[in-house]
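A structural walkthrough
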Amino acid sequence: MTGRVPAPARRSLLYAAAAGIAAAFTPAPLASAAPDPVPGPSRPGTPWTTSWATAQTAPTADDPLASAGLTDGLCTTRLRLSAGGQVRLRYAHAFGTAPVLLGPVTADGRPVTFAGRPQAWLAAGASLTSDPVAGLRVPDGSLLTVGTRLPGPTGPLSFHRNTHAWHTVDGVRTRSVFLLTGVETTGARGPFLAVLGDSIAEGTGTPDDADLRWPDQLARRLSGSAVANLGISGNRLLLDSDRFGPSAQARFDRDVLSLPGLRTVLVHLGVNDLHHLPVERDPARMVAGYRQLALRARSAGLRVVGATITPFEGWTRWTPEADAVRREVNQAVRTGRIFDAVADFDAALRDPGRPSRLLPAYDSGDGLHPGTEGHTAIAAAVDPRHLR
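Now for a quick tour of the structure. Bear in mind the structure is a predicted one, so any value in this text is a computation, not a measurement. (Residues numbered from 1 in each chain as written. Predicted model: local features only at pLDDT ≥ 70, side-chain atom pairs only at ≥ 80, totals over all residues. Heavy atoms only, no water.)

1. Section: the environment of Ser258
Its location among the elements puts Ser258 in the loop between helix H5 (248-257) and strand E18 (264-268). Contacts of Ser258, omitting those with residues within four sequence positions, involve Arg90 and Asp253. (Helix = DSSP H or I, 4+ residues; strand = E, 2+ residues; numbered from the N terminus. Contact = heavy atoms within 4.5 Å.)

2. Details of the environment of Thr310
Mapped onto the fold, Thr310 is located in the loop between strand E19 (303-307) and helix H8 (320-335). A C-alpha to C-alpha distance of 9.9 Å links Thr310 and Ile378, two positions 68 residues apart in sequence. Excluding its chain neighbours within four sequence positions, the residues that come into contact with Thr310 are Ile200, His268, Arg326, Phe345, Asp346, Leu349 and Leu358.

3. As for the nonpolar core
Counting residues in each nonpolar core, the largest one holds 67 residues, and the members touching the most others are Leu196, Trp214, Val265, Leu266, Met286, Tyr290 and Phe345. No other element matches the six residues that helix H7 (residues 283-299) contributes to this core. Apart from the residues lying within four places of it in its own chain, the contact partners of Val265 are Leu193, Ala194, Leu196, Phe252, Val256, Ala297, Leu302, Arg303, Val304 and Val305. Cys75, Tyr91, Leu122 and Val183 belong to the second-largest nonpolar core, a separate cluster that totals 32 residues. (Core = buried A, V, L, I, M, F, W, Y, C linked by side-chain atoms within 4.5 Å. Buried < 20%, exposed > 50% of the residue type's maximum accessible area, 1.4 Å probe, protein only.)

4. Looking at the packing of aromatic side chains
Within a pair of aromatic rings, the relevant descriptors are the distance that separates the centres and the angle that separates the planes. Applying the stated criterion to the full structure yields four aromatic pairs. Summarising the aromatic geometry, the rings of Trp214 and Phe345 are spaced 5.4 Å apart at their centres and angled 70° between planes, so their arrangement reads as edge-to-face. Placement of Trp214 in helix H4 (residues 214-221) and of Phe345 in helix H9 (residues 345-349) is noted, with a sequence separation of 131 residues between them. Here Trp214 falls in the buried class, since its relative accessible area comes to 0%. The buried category is assigned to Phe345, whose relative accessible area is 0%. Between the NZ or CZ atom of Arg173 and the centre of the ring of Trp166, over which it lies, the distance is 4.0 Å. (Phe/Tyr/Trp six-rings, centres within 6.5 Å; stacked < 30°, edge-to-face > 60°. Lys NZ or Arg CZ within 6 Å of the ring centre and 35° of its normal.)

5. Some remarks on the packing of H7 against H8
Across the interface, H7 lies against H8 with an axial gap of 9 Å and an inter-helix angle of 40°. Seen along the crossing, H7 lies across H8 with a hand that is right-handed. Here Pro283, Met286, Val287 and Tyr290 of H7 come into contact with H8, specifically with Val325, Glu328, Val329, Ala332 and Val333. (Axes fitted to C-alpha atoms, helices over the stretch in contact; angles between N-to-C directions. Left-handed = near helix turned anticlockwise from the far one by under 90°.)

6. Quick look at the packing of H4 against helix H10 (residues 372-380)
Put simply, H4 and H10 touch, their axes get as near as 8 Å, and they point 50° apart. As judged from the angle between their axes, H4 and H10 are oblique. When the axes of H4 and H10 are compared, the crossing they make is right-handed. From H4, Trp214, Gln217, Leu218 and Arg221 reach across to H10, where they touch Thr372, His375, Thr376, Ile378, Ala379 and Ala380. For the contact of H4 with H10, a count of residues per class yields five nonpolar, four polar and one charged. (Parallel < 35°, antiparallel > 145°, perpendicular 65-115°, else oblique. Nonpolar A, V, L, I, M, F, W, Y, C, P; charged D, E, K, R; others polar.)

7. So, the sheet that holds strand E16 (residues 192-197)
Pairing between sheet strands relies on hydrogen bonds along the backbone, with the strands arranged either parallel or antiparallel. Taken in spatial order, the five strands make up an open sheet running E17-E16-E18-E19-E20, and their pairing is parallel. Here the strands that pair on one side only, and so sit at the sheet edges, are strand E17 (226-229) and strand E20 (341-343). Direction aside, the axes of adjacent strands within the sheet are offset by 25° on average. Bridging between E18 and E19 involves four bridges; their strand directions are parallel. Looking across to E19, one finds that Thr264 is bridged to Arg303. Packed onto the sheet, H5 meets E16 and E18 and runs at close to 155° relative to E16. (Pairing = 2+ DSSP bridges.)

8. Notes on unusual backbone geometry
Residue Pro104 is reached from Gly103 by a cis peptide bond, and omega for that bond is 0°. In this structure, the amide linkage connecting Leu277 to the following residue, Pro278, adopts the cis form with an omega of -5°. Within the secondary structure, Pro278 is located in the loop between helix H6 (271-275) and H7. Within the chain, Ala115 stands out as a residue other than glycine whose phi angle is a positive 55°. One can find Ala115 in the loop between strand E6 (110-112) and strand E7 (120-122). Taking relative accessible area as the criterion, Ala115 reaches 68% and is therefore assigned exposed. Phi angles above zero are rare outside glycine, and Arg337 is one such case at about 55°. Its place among the elements puts Arg337 in the loop between H8 and E20.

9. Quick look at H7
Helix length check: H7, at 17 residues, gives a terminal C-alpha distance of 24 Å against a target of 24 Å (1.5 Å per residue), a fit within 8%. Residues of H7 that are buried include every one of Pro283, Met286, Val287, Gly289, Tyr290, Leu293, Ala294 and Ala297, and no others. Seen from one end, H7 has its buried residues packed into an arc of 155°, which puts them on one side. On its buried face, H7 is in contact with E16, H5, E18, H6, E19 and H8. Of the residues that open H7, the one with a side-chain oxygen 3.0 Å from the backbone nitrogen of Ala284 is Asp282. Of the residues trailing H7, Gly301 is marked for its positive phi of about 80°. (Expected span 1.5 Å × (residues − 1). Arc of directions from axis to C-beta. Polar contact = N/O pair within 3.5 Å; in protein donor to acceptor, adjacent residues only side chain to side chain.)

Here you go:
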C-alpha cells in the first residue's frame, strides 16, 4: 500500500468520520485466590465491555518513534483479553493535533471495518470504535493479534509507552502500543472493573509477555470478568507530568467514564505523589483528590473501590517523611468513608517486622514495585463481594 488515497475517497472518509462524530466504606478482607464467579456483567443498555485497555500519554523527545510518527507503517499488537465473545476495537488520539487515517486493520487475520469501510479517519483528540469483527468470537483469556496499517504521514502519535509485552512496528520489536486503546467484547459474565493506577497496575516488576500483572491475575480469578487496565507508569493522583501523563484527576473522564458498560472503578494511585518532584507532603490534599474521584465515579453510577498505598522503603527516593504521609493517607482511606469499599494492598504486601518495606518475597528488588508473587497477593486482596 502506497499510503495515498484518491481525493474522492478521502472526502467520503472525512464525511463519514464527521457524521460519526456528530451522530459507602466497607473494609475489604483478604480473599482467597480461588475462582469467584460474580454476577452482574454491565450496566443495562450495552452488551459491550472493555476486555483489554491501555491509557495514553503524549510522546516526548525520548520517544522517537511516537514523536516522528509513521508513513505506511504496520503496527502489530499482541494482547491478552479478559472476557471473550464478539470483538470490536477502539482507537484514540487523545494528544493528537491532526487527524490520522487508519486501515486496513485486522483482528486475528480477519478484516476490521468502520461503518462498513476498511479505512476511517481518527480525529485529533477523539476516539473511534470499529464495527463488530465479522465471524470472530474469542474465548475468555485468549490472545488477540491486531494489525493496524497507518498510511500516514501521521505526525506524532498518542501511545502507551510500556505494556510489559512485546509488539512490532514494521517488524521492529517494541513494548509500546500506538493509537489502539481498547478491545471490547460481549461475553462478560462477571464484574466489569476498570483499574485506575500507576506502574504497579501497568505491570512493572512482572516478566514481559507473561500476563502476570495483578489486573490480569484478578481477571483469571473472577470467572467471566472484564478488567480494563488503565495503569500508567509514573502517573500521579494530583499533578500532571509531560512524561507520565495527566494526573488521575485530569484523565478520569476520558480513561474511565468513557468505557461502555462499566460498573466499578478501583483507584490505586498516590505513591508517585510521595516521591516524584515536587513531592506532596499534605495528606489532606491527597485525601481531597480521592474524594473527588469517588464523587465523580458515583455521579456516573459507578461503584468505587479505593486501595491503600503500598510500602516503598528501599526505593531511591524514599524518605521517612514520605512514609509518614503514606501512613496517614492510608489511615484515612481505611476509616474515612471515602470509597464504597477498600482493598488494603498495604496490609497485603508489607513486611510485618518493618511495615515501611515490602515483604521480601513480594519485592521485585527495587523496594517499590512488587514482583510476580506480590502481584498475586494484590489480586487476592481484592474482595469480589465489593465488585459488581
